[in-house]
Amino acid sequence: MPDGHRTVSVPVSLPAQDECQNCTVRLKETVEGTKGVSEVQMAERGGTMTVRFDPDLLTPRGLEERVKDACGHLAETYCHQSLVLGGLDCADCARSVERVVSRRDGVLYASVNFATSRLFMELDCTEMPLDAVKRDVRSLGYEVWTDEEYKLHRKDVTPRPFYLRNRRALFTLAAFLFLIVGSAVWLLGGEPHVAAKVILGLGIVIGGHVVARNGFSVILRTHNVDMNVLMTVAVIGAVAVGEWIEAALVVALFGLGETLEGWAVERTRGSIQKLMELAPDEALVRHGDLEERVPVEQVTLGTNIFVKPGSRIPMDGTVAEGSSSVDESPITGESFPQTKSEGDQVYAGTINQRGSLVVRVTSSAGDSTLARLIALVEEAQGQKAPTQRWVDSFAAYYTPVVMVLALMTAVGPPLLLGASFSDWLYRALALLILACPCALVISTPVSIVSAIGAAGRQGVLIKGGTHLEAAGGVRVVAFDKTGTLTQGTPRVTTITALAPHTSDHVLALAGAVERDSEHPLADAITHAAAALDGRVARADGFEAIPGLGARAWVEGSLVHVGNSRLLSQLGTETSDDVLADVAAREGRGETAVLVSHDGEVVGVIGVADTVRPLSRLAVEQLHAAGVEKVLMLTGDNRATAAAVAAQLGLDDYRAELLPDQKVDAIRELQAKYGSVAMVGDGINDAPALAAATVGIAMGAAGTDTALETADIALMADDLSRVPFTIRLSRATRATVRQNIGFALGLKIATLLLVFPGWLTLWMAVLADTGGSLIVIANGLRLLRHGRGLEGSPVGLPARPKVQQAPASAECATGGCACPVGDERATLPPEPGLAGSGST
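On a predicted model such as this, the values are computed, not experimentally measured, just so you know.

Peer 1: In this structure, what is going on with the overall build of the chain? I would like to understand it.
Peer 2: A tally of regular secondary structure across the chain gives 31 helices and 31 strands. The proportion of buried residues among the 839 residues of the chain is 54%.

Okay, structure coming up:
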């Protein structure tokens, strides 16, 4: 279809009517609301749902997952399979593999990414034509492995330099040697140059036999032509007109170009391999006092594994014993060590830095956060960006048009004008070399893969070129508040103590009462009071007063902790200064908690969901990046929303929104501005993330839902990655445009040089392969985007030095989340809420 959409039929088994009254309606609405779906039809008698969707936004397997989410009864019909290809050294060859595999029965969708040398397929699980696909690929002259096979292959093969393990490089070296010797014999010898032709002919055969074999395989299997076919015809034609030296030179230069192209692209192919190598293959399992190294695939859930200092954690789990600092940068991009102790989550591939840990395994090796990340990156690299789809469509017309033009060039002037047939055949051969748009085809994927790799190093998972390109066009960014712009949990911000009482005394009294409470505000107070280092007395006779607060006896005195209505009901006298303090706090979006001791108000504690330290910086960087509007969509009350918006410098805010109202707000912004990004936690904001042009989920490292629902996932809770992603996307779009413009301009210029006879065959080869190398090098520049900023917020200098922080009530009341005595960096002060006086 012209728009690239595909239609599949999904077998659906709905629950009985008495189990689910509206399953059919819910299923249809769920699938229709999935990004990439354009049309959904349900069979009248049930059993089948027909869906039309964009395969570069949604895979059949992803579609099935959405159906399962809606009704929970679905047998797997589609299987996702990724294969590693070997010997793939030209973009046009990748298209040939794609065409052959796509014609195989049982293959629903196939995409080859030359930049990563991977074949991505959606297969019919009932047929599973995997072995047949492997045979098809090998018949074209390429190697193919599953990930497990490739892992074993790499273990069995001794690491060697690129030029020794690449057959094309060795054949090219031989071709150049025969070219040099043959040319010398030709120039020094006389007619009829028999010896020179034999030497040059050997060079042509050695350097070009792989090209010829692959070319004829493509003709037989696809009835199409690729660069291998065109080069073979050009070389044979050059020999036919007596240009032996030039034919040998074309073979050698083409081989050199393909070798250099393969070497350059291999740099982008290492991203997945590096991820795979992060997690150890074995885990140190403890059986009582004995330790045994066991392959991670054999370790069962609930097993305790021992992790020594300086080693990588092999599997996801929770800390059962010990404490240590763990470098989580391989997963989150945040290299500042995270303190881990009993009960904390740790991830496979992260580095245990100091103490020994005993980790209880909670996920199998194949279901770890790292494994899911690898699978999602692979899937992202297999999806084509809109620009790449346009280039592929253009190439599909360009090649046959130029081939027809070459045929007309060969026969037209000799027949119509009586010109020399050999001269115009030579020019036609040059046109054949130019008929393959190699530089144009590789211009987009190498840039996209480089950008996705650069983003991954910063803890940003971009799930495909479509989303990468879309992020570059964002004009509006909408943030959720709770858990996104703010920490998501209430914290004590400031304490006002009335003389002669101190802040620590007020906090100690409140902490003693709230220790037995289950209210969220009580958690914030007890967390802050924990920093008082044992100065909180034990309370007796605790009693919760619903809607008002709580009371208890502390060291023989009756203490009340609650809102102003509680003290009013008790008849406790409250001064005008205290009431003004309460009103000011509530105007800033804080909750004011009053503390009374034996009927006397002794202080006011401000509790609020504090903003993240980098939220304001992220907003400023988005404005600096040219984003027209940055706003907040929240279900919180207007006073709190207004306070947060004012502190962060937001352009607008919308408060008291239900989830469906957030979707309406996104659509309204899209109608006015066009491209809109929504940033949320990926759970409560899933509808708004799906409705946005680009959905960005935060803190995805430990959240399956966020990894699955978002278009872009920030593995850590670092909002500075949002402007970084937009800048990277814009840089990628600019690079892609540069590459396409250069490739097209080069083709037009060389085509114009053909007809006057100014372009020789070797010059045509040099232009083609040289152009490919230039666009590859330009795309690889994106790998350096953000380099040097790992472990620091993007856009800020490197992390400051770490110092030991003393335990103090000031830390607790300032909204600091650090445990007592923990290591933390001294960052510039960042207020909790506007005017709150946080430290």
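Peer 1: I tried to follow the packing of aromatic side chains on my own but got confused; where do I start?
Peer 2: Remark: the centre distance and the inter-plane angle together describe each pair of aromatic rings, the angle taken between the planes. Under the counting rule described, the total for this entry stands at three aromatic pairs. With 5.2 Å between their ring centres and 45° between their planes, Trp145 and Tyr150 make a pair best called tilted. With respect to burial, Trp145 and Tyr150 carry one shared label: buried. Each ring, one from Phe394 and one from Tyr398, has its centre 5.9 Å from the other, and the planes form 20°; the classification is stacked. One end of the pair is Phe394 and the other is Tyr398, both in helix H14 (residues 386-417) and four residues apart, which spans about a single turn. Grouped by ring-pair contacts, the aromatic residues Trp390, Phe394 and Tyr398 constitute a single cluster. Sitting over the face of the ring of Trp424, Arg427 holds its NZ or CZ atom 4.2 Å from the ring centroid.

Peer 1: It is not clear to me how the sheet that holds strand E11 (residues 317-321) should be interpreted in this structure. Could you clarify?
Peer 2: To summarise the sheet geometry, strands pair through backbone hydrogen bonds and adopt either a parallel or an antiparallel arrangement. Pairing within the open sheet is antiparallel, and its six strands lie in the order E9-E8-E10-E16-E11-E14. If you trace the sheet from one side to the other, it starts and ends with strand E9 (290-295) and strand E14 (345-346), each paired once. Taken together, the two bridges between strand E8 (residues 282-287) and strand E10 (residues 304-307) define a ladder with antiparallel strand orientation. Along E10, the bridge assignment pairs Val285 with Ile305.

Peer 1: Help me understand the environment of Pro295, please; the structure alone is not making it clear to me.
Peer 2: Of note, Pro295 is situated in strand E9. According to the relative accessible area criterion, Pro295 is partly exposed, its value standing at 28%. When the C-alpha positions of Pro295 and Leu284 are compared, they lie 9.0 Å apart, and in sequence the two are 11 residues distant. With residues near it in sequence (within four places) discarded, Pro295 still touches Asp281 and Glu282.

Peer 1: Is there a simple way to think about helix H4 (residues 130-139) in this case?
Peer 2: Since the α-helix advances by 3.6 residues per turn, residues separated by three or four positions end up pointing in the same direction. All of the buried residues along H4 are Leu130, Ala132, Val133, Lys134, Asp136 and Val137. Gly141 occupies a position one or two residues after H4 and carries a positive phi of about 100°.

Peer 1: Would you take a moment to explain the sheet that holds strand E27 (residues 676-680) for this structure?
Peer 2: The mixed open sheet is built from seven strands, whose spatial order is E17-E29-E28-E27-E18-E25-E26. Each of the sheet's edge strands pairs with one partner strand only, and the pair in question is strand E17 (460-462) and strand E26 (652-654). If you compare each strand with its neighbour and ignore which way they point, the axes differ by 20° on average. Taken together, the four bridges between E27 and strand E28 (residues 694-697) define a ladder with parallel strand orientation. Along E28, the bridge assignment pairs Val679 with Ile696. Against the sheet, helix H18 (residues 465-472) makes contact with E17, E28 and strand E29 (712-714), and its axis sits at roughly 100° relative to E28, the strand it touches most. Each of strand E25 (629-633) and E26 touches helix H25 (residues 638-648); the most contacted strand, E26, lies at about 155° to it.

Peer 1: Is there a simple way to explain a nonpolar patch on the surface in this structure?
Peer 2: A cluster of nonpolar side chains, contributed by Leu407, Val411, Leu415, Leu416, Leu417 and Phe421, occupies part of the molecular surface with about 710 Å² of accessible area. Here the nonpolar patch takes five residues from H14, the largest share from any one element. Within the fold, Val411 resides in helix H14. Looking at Val411, the relative accessible area reads 34%, which means it is partly exposed.

Peer 1: Quick question: what am I supposed to make of the pairing of strand E21 (residues 549-554) here?
Peer 2: Every regular strand shows the same layout, with side chains that alternate between the two sheet faces. Of the two faces of E21, the one holding Ala550, Ala552 and Val554 is buried and the one holding Gly549, Arg551 and Trp553 is not buried anywhere. Pairing analysis gives five bridges linking strand E20 (residues 539-545) to E21, with the strands arranged antiparallel. Note on E21: the bridge partner recorded for Ala544 is Ala550. Between E20 and E21, which follow one another and run antiparallel, lie three residues, and Gly547 among them has a positive phi close to 80°. Hairpin connection of E21 to strand E22 (residues 557-562): two residues between the antiparallel strands, including Glu555 at a positive phi of 50°.

Peer 1: So what exactly am I meant to see when it comes to the pattern of salt bridges here?
Peer 2: Where side chains of opposite charge bring their charged atoms close, a pairing between them can arise. Inspection of the entire model under this criterion finds 15 salt bridges. A salt bridge links Asp136 to Arg104; the shortest N-O distance between them is 3.0 Å. One end of the pair, Asp136, is in helix H4; the other, Arg104, is in the loop between helix H3 (91-102) and strand E5 (107-113), with 32 residues separating them in the sequence. The exposure class assigned to Arg104 is partly exposed, which follows from its relative accessible area of 29%. One salt bridge in this structure joins Glu628 and Arg475, with 2.7 Å as the shortest N-O distance. With Glu628 in the loop between helix H24 (615-624) and E25 and Arg475 in the loop between H18 and strand E18 (476-480), the pair connects residues that are 153 residues apart, well separated along the chain.

Peer 1: Would you explain the side chain of His193 in this entry?
Peer 2: Position of His193 among the secondary structure elements: in the loop between helix H7 (167-188) and helix H8 (194-222). For His193, the side chain forms a polar contact with the main-chain oxygen of Trp186, separated by 3.4 Å.

Peer 1: What's the story with the nonpolar core in this structure? I'm lost.
Peer 2: General note: in soluble globular proteins, nonpolar side chains tend to be found buried as a group. Within the largest apolar cluster, 43 residues are counted, with the highest numbers of intra-cluster contacts made by Ile204, Met227, Met231, Val250, Ile433, Leu761 and Val765. When residues of this core are traced back to their parent elements, those giving at least two are H7, H8, helix H9 (227-240), helix H10 (244-266), H14, helix H15 (421-434), helix H29 (721-754) and helix H30 (761-780). Top contributing element to this core by residue count: H15, with nine residues. Beyond its immediate chain neighbours, meaning those up to four positions away, Met231 contacts Val211, Val250, Phe254, Ile433 and Val765. Within the second largest apolar cluster, 39 residues are counted, among which are Leu485, Ala618, Ile712 and Leu782.

Peer 1: Is there a simple way to think about the packing of H18 against H29 in this case?
Peer 2: For any two helices packed against each other, the geometry is given by the interaxial angle and the distance between the axes. The interhelical angle for the contact between H18 and H29, taken along N-to-C directions, is 100°, at an axis separation of 7 Å. Classified by the angle between their axes, H18 and H29 sit roughly perpendicular to one another. Two secondary-structure elements touch here, H18 through Leu468, Glu469, Ala471 and Gly472 and H29 through Ile726, Ser729, Arg730, Thr732 and Arg733. When its residues are assigned to classes, the contact of H18 with H29 shows three nonpolar, three polar and three charged.

Reading the values: the criteria
- Residues numbered from 1 in each chain as written.
- Predicted model: local features only at pLDDT ≥ 70, side-chain atom pairs only at ≥ 80, totals over all residues.
- Heavy atoms only, no water.
- Helix = DSSP H or I, 4+ residues; strand = E, 2+ residues; numbered from the N terminus.
- Buried < 20%, exposed > 50% of the residue type's maximum accessible area, 1.4 Å probe, protein only.
- Phe/Tyr/Trp six-rings, centres within 6.5 Å; stacked < 30°, edge-to-face > 60°.
- Lys NZ or Arg CZ within 6 Å of the ring centre and 35° of its normal.
- Pairing = 2+ DSSP bridges.
- Contact = heavy atoms within 4.5 Å.
- Axes fitted to C-alpha atoms, helices over the stretch in contact; angles between N-to-C directions.
- Patch = residues over 30% accessible without salt bridge, like charges linked within 9 Å, V, L, I, M, F, W, Y side chains within 5 Å.
- Areas by Shrake-Rupley, 256 points an atom, 1.4 Å probe, with all protein chains shown as cover.
- Salt bridge = Lys/Arg side-chain N within 4 Å of Asp/Glu carboxyl O.
- Polar contact = N/O pair within 3.5 Å; in protein donor to acceptor, adjacent residues only side chain to side chain.
- Core = buried A, V, L, I, M, F, W, Y, C linked by side-chain atoms within 4.5 Å.
- Parallel < 35°, antiparallel > 145°, perpendicular 65-115°, else oblique.
- Nonpolar A, V, L, I, M, F, W, Y, C, P; charged D, E, K, R; others polar.

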